[in-house]
Amino acid sequence: MMTPQDRREIEALLHTYPTRQAVALEALKIVQRRQRWVSDDDLRDVAALLEMTPAELDGVATFYSQVFRQPVGEHVIRLCDSVSCWIMGEIALQERLSQLLGIRTGETTPDGRFTWLPVSCLGVCEQAPAMMLDDTLYTQLTPEDLEAIVQRYVQEGSR
Amino acid sequence: MKTERPLTQHIRADGLALNLREYEATGGYQGLRTTLQMEQHQVTKTIQDSTLWGRGGAGFGTGRKWSFVPDKDLHKRHIFPNEIVVMIEEPAVWDNALAGFTTGVKWGFMPKGEYATSPTYLVANADEMEAGVFKDRVLLEGNPHQLIEGMIIAAYAVRADTAFIFLRWAYKEAAQRIEKALAEARQANYLGEHILGTDFSLDIHLHISAGRYICGEATALLNSLEGRRPTPRAKPPHTATVGLWGRPTVVNNVETLSNVPHILRNGVDWYKALSYTAEGGTKLYGVSGRVKRPGWWELPMGTTAREIVQEHAGGMLDGYQLRGFLPGGASTDFLLAEHLDVRMDLKSVAALGSRLGTGTMIILDDKTCPVSMTANLMHFFARESCGWCTPCRDGLPWTAKVLDALEAGQGRPEDIDRLQKHAHLIGSPDSTFCPLAPGAMEPLQSALQYFAEDFQEHVRQQRCPWH
C-alpha cells in the first residue's frame with residue numbers, strides 16, 4: 001500500500017508537468033523505494049492518484065527495465081553484458097558470479113539476499129567490464145575483484 | 001595542429017564538476033549574456049551558420065532544428081526568426097545524434113510568427129543508452145553548467161519556456177551534479193523568471209529515466225516524458241510542430257547543446273576553424289576494447305581514426321591486433337584496419353558505408369570472434385526493441401538465435417544467406433517505425449561482408465574457431 005509519505009512526495013511533483021500521467025515513472029520509483037519492487041496494491045494506488053487505470057499504468061511499469069513488478073532481493077546486481085564489457089571479459093565474470101551465488105541472470109538467491117538482473121550498458125565502456133550493485137558502480141573488474149566485492153555483501157548480511 | 005578543446009579543457013583533473021563560480025571564471029554564461037542582447041532569429045542563425053551537427057548519433061544540425069519552432073513575434077517584427085537559426089547552422093554544430101540535419105536547421109523548424117504558440121519545450125537528450133557509448137557522461141559529470149547554459153540559449157532561440165533534461169538512469173553521479181548546478185543557476189537568475197532582467201523566463205527540470213535504449217529516440221523520449229510507453233511516434237509531424245504534449249518541441253543531444261555557449265561567445269568563424277573538415281567544431285571521441293588506454297578525448301572534428309586509436313588510446317594491448325572497429329557505437333557498420341585513415345566526421349565515415357554515430361569507437365581485436373561479437377550486439381538490440389514493429393520485435397531475436405546457433409556449432413550453410421536476406425529486409429529504412437532495427441542491422445550486414453570467412457568457418461567446422 002502507498003504510504004502517506006509516498007503520496008506527499010508524488011503530489012509534490014504534480015505541478016512540474018501539465019498532466020498527472022507524466023509523473024507515472026517518478027511515482028513508481030517512489031513506491032518502489034520502500035520494498036524495492038512495485039506490488040499490485042502499490043500499482044493500484046498510484047494509478048488512482050494519477051487518474052489512470054491500473055492496466056494503463058502497468059503497461060508503463062512493465063516496459064521499463066528499472067521498474068520491478070516482482071520482488072527482488074536485498075541487493076540487486078546488474079552485471080553489464082553489452083559489447084565493450086563482453087570484449088573485456090564479462091563472460092568470466094558471469095561464470096564467477098554464477099558459482100558464487102548459485103543463480104543465473106534473472107534469478108534471486110533462495111535466501112532472498114541477491115537478485116542478478118541483466119543490464120544493457122552502464123555507460124562506462126572505457127572502464128569495462130562494469131557492474132552496478134544497488135547504486136554503486138564497480139569498474140575494470142576481474143573475477144577476483146567481483147568475488148571480493150560480493151563476499152563483502154555476503155558477510156555484511158551474516159553479521 | 002589544432003589544440004583548442006572548448007568543451008572539456010576546463011574539466012577538472014579530479015573529475016569533480018565545476019561549480020557556478022568556477023564555470024563563470026572560464027567565461028561561462030558569457031554566451032548567454034551575448035545571446036540575450038540578440039534577437040531570437042539571430043541566435044538561431046548563428047547556430048545554423050556554425051554548421052553544428054547534432055552530436056547524438058543521427059547527425060541533425062542544431063540551428064535547423066531550432067528554426068522549425070513557431071515564432072509568435074515574427075509577424076509583428078517583420079524579422080525572420082530564421083536568422084538565429086542560421087547562426088547555429090553556420091558554425092556547423094551538427095546535433096551529434098543519429099539524424100542528419102544541422103542543429104540550426106532543426107531549430108529553424110520551430111513555428112514562428114503567428115504560428116508561434118506557448119508552451120513550447122526544449123529537451124536535452126541525455127539518455128545515451130547505446131552500447132559502447134559514454135561521451136555525454138563526461139560532459140554531464142564534469143561541466144553541467146555548460147549544458148545548462150547551452151539549454152538556456154537554445155530555449156531563448158526557439159522561444160521555449162520549459163525545458164527538461166532526460167537523463168540515463170545509470171548516471172547517478174551526473175544526476176546529483178545536475179541538480180546542484182540547476183539550483184546554483186536558479187539562485188543566480190540564469191534560470192527562473194526574467195532571466196538577467198530580460199523578459200525571458202525559463203525553468204529546467206531533471207527527469208531521470210527508468211531504462212530502455214529506445215528512450216533515446218526523440219519521439220519515444222517524448223512519450224516517456226509524458227508517462228507513457230516509449231514507443232516511437234510516426235513522423236511527420238516533426239516534434240518541432242507536434243512534440244511534447246502536442247506542443248512544439250526541440251530535442252537536442254547533450255554534446256550538441258554543450259557546444260552552443262562557445263559558438264555564441266566566440267563566433268562562427270572561430271567555431272568552424274576548430275575542425276579539420278567542413279563539419280565545424282570539435283568532437284568528443286571515445287575508444288573501448290583491448291587498447292592500452294581506453295578513454296575519451298575532445299579533438300578537432302575530422303581527426304583520423306588512426307590518430308584516435310594509436311596516439312590517444314595508446315594502440316592495441318600487447319599481443320592484440322586491431323581487426324576492425326565500430327566507429328560510433330553499437331548501431332554503426334564495422335570498418336576494418338585498412339579504414340583507419342578515415343577522418344571521423346559524418347561525411348567521411350559515411351563515404352565508407354558506415355556512420356560516425358556518436359564517435360565512440362568499439363575495437364574488434366584479432367582474438368575476439370566477430371560472429372560472437374555480432375551475436376552480442378544482436379542480443380542487445382533484441383532486448384531493447386520496444387516491440388512495436390514486427391520486423392524488429394520478431395526479427396531481432398530471430399537473428400540473434402541464428403548467430404547463437406552458429407556459435408554453438410549448429411550452423412547450416414543456408415544460415416548465412418538467410419542472415420543476409422534478413423539484414424536487408426529488417427534493415428531497409430521503411431520496414432520499421434524508427435531507426436532501431438535498421439541500426440541493429442548495420443553491424444550485422446557489415447560483419448557478413450567483412451568477416452564472411454569467419455561465418456563460413458563456423459558452419460564448416462561446426463564450432464566457433466575461437467573457443
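As shown above, the structure is provided for reference.
Residues numbered from 1 in each chain as written. Chains lettered and ligands numbered in written order. Predicted model: local features only at pLDDT ≥ 70, side-chain atom pairs only at ≥ 80, totals over all residues.

**Student:** Teacher, can you tell me more about the interface of chain B and chain A here?
**Tutor:** Interface size is commonly expressed as the accessible surface area that is lost when the partners come together. Counting residues at the interface gives 39 residues for chain B, matched by 31 residues for chain A. The leading source of residues in the side of chain B that touches chain A is helix H16 (residues 370–384) of chain B, at 6 residues. Of the residues contributing to the side of chain B that touches chain A, the split by class is 18 nonpolar, 10 polar and 11 charged. (Contact = placed C-beta atoms within 7 Å. Helix = DSSP H or I, 4+ residues; strand = E, 2+ residues; numbered from the N terminus. Nonpolar A, V, L, I, M, F, W, Y, C, P; charged D, E, K, R; others polar.)

**Student:** How should the packing of helix H18 (residues 395–407) of chain B against helix H19 (residues 413–427) of chain B be read in this particular structure?
**Tutor:** Helix-helix packing: each pair is described by the crossing angle between the helix axes and the interaxial distance. Residue and element names in this part refer to chain B. Relative orientation of the contacting elements H18 and H19 amounts to 155°, with a least axis distance of 11 Å. When the axis of H18 is compared with that of H19, the two are roughly antiparallel. Crossing handedness for the pair H18 and H19: left-handed. Where H18 approaches H19, its residues Gly 395, Thr 399, Val 402, Ala 405 and Leu 406 are matched on the opposing element by Asp 415, Arg 418, Leu 419, His 422 and Ile 426. Its residues assigned to classes, the contact of H18 with H19 shows 5 nonpolar, 3 polar and 2 charged. (Axes fitted to C-alpha atoms, helices over the stretch in contact; angles between N-to-C directions. Parallel < 35°, antiparallel > 145°, perpendicular 65-115°, else oblique. Left-handed = near helix turned anticlockwise from the far one by under 90°.)

**Student:** Mind showing me how you'd approach the environment of B:Thr8 here?
**Tutor:** Position of B:Thr8 among the secondary structure elements: in the segment before helix H1 (20–25). In this structure B:Thr8 comes out as partly exposed when scored by C-beta crowding, with 18 C-beta atoms within 10 Å. (Buried ≥ 20, exposed ≤ 12 C-beta atoms within 10 Å, placed from the backbone.)

**Student:** Would you explain the sheet that holds strand E9 (residues 249–253) of chain B in this entry?
**Tutor:** Sheet strands associate in pairs through backbone hydrogen bonding, adopting either a parallel or an antiparallel arrangement. Residues and elements named next belong to chain B. Within the open sheet, the 4 strands sit side by side as E8-E7-E6-E9. Their pairing is parallel. Unpaired on one side and paired on the other, strand E8 (203–208) and E9 mark the two borders of the sheet. Direction aside, the axes of adjacent strands within the sheet are offset by 20° on average. Both strand E6 (residues 121–126) and E9 contribute to a ladder of 5 bridges, which runs parallel. The residue bridging Ala 124 from the neighbouring strand is Asn 252, located in E9. Seen against the sheet, helix H9 (residues 144–158) touches E6, strand E7 (162–167), E8 and E9 and runs at an angle of roughly 150° to E6. (Pairing = 2+ DSSP bridges.)

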